Amino acid sequence: MTVAPHFSFKNETLHAEDVPLTTLARELGTPLYVYSRKALHDAWGAYSEAAKGRDVLVCFGMKANSNLAVLSEFHKLGSGFDIVSGGELARVLAVGGDPGKVVFSGVGKQAWEMRDALQAGVKCFNVESEAELELLAHVAAQMNKVAPVSLRVNPDVDAHTHPYISTGLKENKFGIAIEDAPAVYQRAAQLKSLEVVGVDCHIGSQITEVDPYLDALEKLLDLIDTLAAAGTHIKHLDLGGGIGIRYTDETPLTPKMLLDAVFERLEARGLGHLQIVLEPGRSLVGNAGVLLTQVQYLKHTEAKNFAIVDAAMNDLLRPTLYDAWHSVEQVGQAAENRPADAKTYDVVGPICESGDWLARDRKLDVQQGDLLAIMSAGAYAFTMASQYNTRPRPAEVMVDGSNYHVVRPRETLKSLFADEKPLP
Ligand SMILES: *Cc1c(COP(=O)(O)O)cnc(C)c1O
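Calculation rules
Residues numbered from 1 in each chain as written. Predicted model: local features only at pLDDT ≥ 70, side-chain atom pairs only at ≥ 80, totals over all residues. Heavy atoms only, no water. Pairing = 2+ DSSP bridges. Helix = DSSP H or I, 4+ residues; strand = E, 2+ residues; numbered from the N terminus. Core = buried A, V, L, I, M, F, W, Y, C linked by side-chain atoms within 4.5 Å. Buried < 20%, exposed > 50% of the residue type's maximum accessible area, 1.4 Å probe, protein only. Domains from an automatic or database assignment. Salt bridge = Lys/Arg side-chain N within 4 Å of Asp/Glu carboxyl O. Near = heavy atom within 4 Å. Polar contact = N/O pair within 3.5 Å; in protein donor to acceptor, adjacent residues only side chain to side chain. Nonpolar A, V, L, I, M, F, W, Y, C, P; charged D, E, K, R; others polar. Expected span 1.5 Å × (residues − 1). Disulfide = S-S within 2.5 Å. Axes fitted to C-alpha atoms, helices over the stretch in contact; angles between N-to-C directions. Parallel < 35°, antiparallel > 145°, perpendicular 65-115°, else oblique. Left-handed = near helix turned anticlockwise from the far one by under 90°. Contact = heavy atoms within 4.5 Å. Buried area = accessible area lost by both parts, 1.4 Å probe. Phe/Tyr/Trp six-rings, centres within 6.5 Å; stacked < 30°, edge-to-face > 60°.

Things to note about the sheet that holds strand S3 (residues 19-20)
Point 1. Judged by pairing direction, the sheet is antiparallel, and its 3 strands sit side by side in the order S1-S2-S3 without closing on themselves. Sheet topology places strand S1 (7-10) and S3 at the edges, where each strand pairs with a single neighbour.
Point 2. Summarising the sheet, S1 and strand S2 (residues 13-16) pair through 4 bridges and their orientation is antiparallel. Considered in S2, the bridge of lysine 10 is made with threonine 13.

Quick notes on the nonpolar core
Point 1. Phe125, Val199, Leu237 and Ile276 are the most contacted members of the largest nonpolar core, which has 105 residues in total.
Point 2. In terms of residue count, helix H8 (residues 211-229) provides more of this core than any other element does, 9 residues in total.
Point 3. Looking at which domains feed residues into this core, each of domain 1 (7-36 + 286-416) and domain 2 (105-280) supplies at least three.
Point 4. Core analysis: the next-biggest nonpolar cluster, separate from the first, contains 20 residues, Ala16, Leu21, Val290 and Val397 among them.

A closer look at the pattern of salt bridges
Opposite charge on two side chains makes pairing possible when the charged atoms of those side chains draw close.
Point 1. With the rule as written, the count across this model stands at 21 salt bridges.
Point 2. Of the charged contacts in the structure, one is a salt bridge between lysine 304 and aspartate 346, with a shortest N-O distance of 3.2 Å. Within this pair, whereas lysine 304 is found in the loop between strand S14 (289-300) and strand S15 (305-309), its partner aspartate 346 is found in strand S17 (residues 343-348), the two being separated by 42 residues in sequence.
Point 3. We classify lysine 304 as partly exposed; its relative accessible area is 27%.
Point 4. Aspartate 346 sits in the buried class, given a relative accessible area of 6%.

Topic: the site of the ligand
Point 1. The local shell around the ligand holds 13 residues, among which Lys63, Ser205, Glu279, Arg282 and Tyr380 are the closest.
Point 2. In the environment of the ligand, a nitrogen atom lies 3.0 Å from a nitrogen or oxygen atom belonging to the side chain of aspartate 82.
Point 3. Measuring from an oxygen atom of the ligand, one finds a side-chain N or O atom of tyrosine 380 at 2.5 Å.
Point 4. Along the lines of polarity and charge, the residues of the shell around the ligand split into 2 nonpolar, 6 polar and 5 charged.

Thoughts on helix H2 (residues 37-51)
Point 1. If you check H2, its first and last C-alpha atoms are 21 Å apart, about what 15 residues at 1.5 Å a residue would give, namely 21 Å.
Point 2. Ala39, Leu40, Ala43, Trp44, Tyr47, Ala50 and Ala51 are the residues of H2 that are buried.
Point 3. Of the residues trailing H2, glycine 53 is marked for its positive phi of about 75 degrees.

Looking at the pairing of strand S5 (residues 56-61)
Point 1. Of all 6 residues that make up S5, 6 are buried, and the element is covered over most of its length.
Point 2. The two faces of S5 match: Val56, Val58 and Phe60 on one face and Leu57, Cys59 and Gly61 on the other face are all buried.
Point 3. As judged from the 3 bridges shared by S5 and strand S13 (residues 275-278), these two strands associate in the parallel manner. Among the inter-strand pairings, valine 58 is bridged to a residue of S13, identified as leucine 278.
Point 4. Here 3 bridges tie S5 to strand S6 (residues 80-83), and the two strands are oriented parallel to one another. Opposite glycine 61, over in S6, you have aspartate 82 as the bridge partner.

Some points on the state of the cysteines
Point 1. Counting across every chain of the model gives 0 disulfides.
Point 2. Between cysteine 124, a cysteine without a disulfide, and cysteine 59, which holds the nearest cysteine sulfur, the sulfur-to-sulfur distance is 9.5 Å.

Brief notes about the packing of helix H4 (residues 86-94) against helix H5 (residues 111-120)
Point 1. Closest axis-to-axis distance for the H4/H5 pair is 9 Å, and the angle between their directions is 25 degrees. By the angle class used here, H4 and H5 are roughly parallel. For the element pair H4 and H5, the recorded crossing hand is left-handed. Along its contact with H4, which presents Gly86, Gly87, Leu89 and Leu93, the element H5 presents Trp112, Glu113, Asp116, Ala117 and Ala120.
Point 2. The residue inventory of the contact of H4 with H5, partitioned by class, reads 5 nonpolar, 2 polar and 2 charged.

With respect to the side chain of arginine 152
Point 1. Turning to its location among the elements, arginine 152 is positioned in strand S9 (residues 147-154).
Point 2. Side-chain polar atoms of arginine 152 contact the side chain of glutamate 128, separated by 2.9 Å.
Point 3. A polar side-chain atom of arginine 152 sits 3.1 Å from the main-chain carbonyl oxygen of histidine 202.

Side note on the domain arrangement of the protein
One frequent convention defines the size of an interface as the accessible area lost when the parts assemble.
Point 1. Domain boundaries assigned for the protein yield domain 1 (7-36 + 286-416) and domain 2 (105-280).
Point 2. Computed over C-alpha atoms only, the centres of domain 1 and domain 2 are separated by 36 Å.
Point 3. Roughly 760 Å² is buried in total at the junction of domain 1 and domain 2, and carbon and sulfur atoms are behind 58% of that figure.
Point 4. Where domain 1 touches domain 2, the interface holds 0 salt bridges.
Point 5. The residue inventory of the side of domain 1 that touches domain 2, partitioned by class, reads 3 nonpolar, 5 polar and 1 charged.

Structural notes on the packing of aromatic side chains
Point 1. Under the counting rule described, the total for this entry stands at 4 aromatic pairs.
Point 2. Relative to phenylalanine 74, the ring of tryptophan 44 has its centre 6.2 Å away and its plane inclined at 45 degrees; by these criteria the two rings are tilted. One end of the pair, tryptophan 44, is in helix H2; the other, phenylalanine 74, is in helix H3 (residues 68-77), and 30 residues separate them in sequence. For the pair shown, tryptophan 44 and phenylalanine 74 are each scored as buried.

Digging into the pairing of S15
Point 1. Within S15, 4 of the 5 residues are buried, which leaves the element mostly enclosed by the surrounding structure.
Point 2. Inspection of the sheet shows S14 paired to S15 by 5 bridges, in the antiparallel sense. Across the sheet, the residue bridging to valine 295 is valine 309, located in S15.
Point 3. Remark: 4 residues form the turn of the hairpin made by S14 and S15, two consecutive strands paired antiparallel.

Now the structure itself:
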């Protein structure tokens with residue numbers, strides 16, 4: 001058993017759906033991001049099942065994985081998108097996504113991004129400060145348009161997750177403090193080029209329990225009551241993304257657990273008419289991908305054993321950025337068949353940084369040339385990748401049953417500096 005059901009062992013070889021990872025390594029090289037189409041569909045299915053019969057819009061938090069092939073699958077399944085930049089909007093439009101199902105989040109939206117989003121006709125701007133509200137009103141007025149807005153409020157709840165991915169606490173840069181929200185809503189209501197349509201929050205990422213969501217929900221429902229009393233009526237409530245995935249042995253809440261609990265509260269408070277918007281990123285793609293890599297060298301020192309692989313922190317930043325755990329599978333040997341006396345290794349890359357590690361203290365039975373799969377690399381892997389050390393970014397491949405499609409080729413060395421030039 002691996003953490004990801006669509007990546008499993010058959011005949012002692014790890015497969016993506018029905019394709020052996022050894023085949024992909026041989027035909028496409030390593031390092032390589034490998035995605036499973038079925039895993040995307042199944043993850044979507046958990047949301048669509050939970051939403052059945054309810055007014056719910058799921059907007060994929062696309063910064064988790066914005067490859068056009070991934071976006072296009074979700075678009076065809078009916079997903080909207082949560083974008084955080086004008087660049088992400090361009091990707092949505094490139095796959096024929098429906099701007100009417102796009103919500104635009106982010107603390108630093110620029111005027112050109114607002115213009116592009118107004119031109120496209122997005123569903124909502126999730127506004128994160130009073131200054132942004134003023135700029136948006138100005139930009140919309142210049143275009144003779146009315147911008148639909150929610151305020152992203154900061155409900156000051158603890159999501160019990162890593163500090164770098166916790167976003168709903170008072171000290172975070174995100175959102176508008178919930179105590180200040182009524183005054184800012186009042187200001188929004190005065191601006192003719194804005195239409196207040198919703199209330200929004202996003203409290204963090206890799207959340208495993210339902211309670212932080214319900215704490216936030218209670219505060220938002222109180223706010224919605226306050227606003228209604230002042231004559232502002234809200235159409236939708238956006239609870240953000242953040243549902244966690246299994247990286248090792250977590251059992252995170254499911255979309256159904258969340259939506260059952262949310263709709264129970266809504267109905268109890270007479271607010272069953274509200275549309276619920278969700279912005280899941282990681283939980284739709286995280287376990288739909290692995291980073292396939294080959295062991296270049298083994299190095300045994302007094303303190304440590306190192307497996308030096310051809311993937312590095314530039315391909316998967318999460319370990320060094322968040323101290324994140326990714327499970328590591330040997331493509332040719334299931335973990336349960338590992339000898340008891342297997343050595344303990346740090347899996348590290350070739351980059352000139354001590355922070356260049358992918359996994360630490362793992363029992364492995366490896367040889368030079370062996371393939372490893374760094375699991376749960378479908379979210380925040382390629383999208384955070386860089387070309388540090390002039391390393392071309394790996395190819396991305398989508399497996400579909402026993403077929404596969406290269407959805408982004410490996411970058412060539414030449415392309416990395418093709419646009420640079422020395423001074424004349
Ligand atoms: C990153 C982000 C998401 C997606 O978060 P996940 O934890 O990947 O589900 C959703 N909404 C906003 C505003 C975000 O910044």
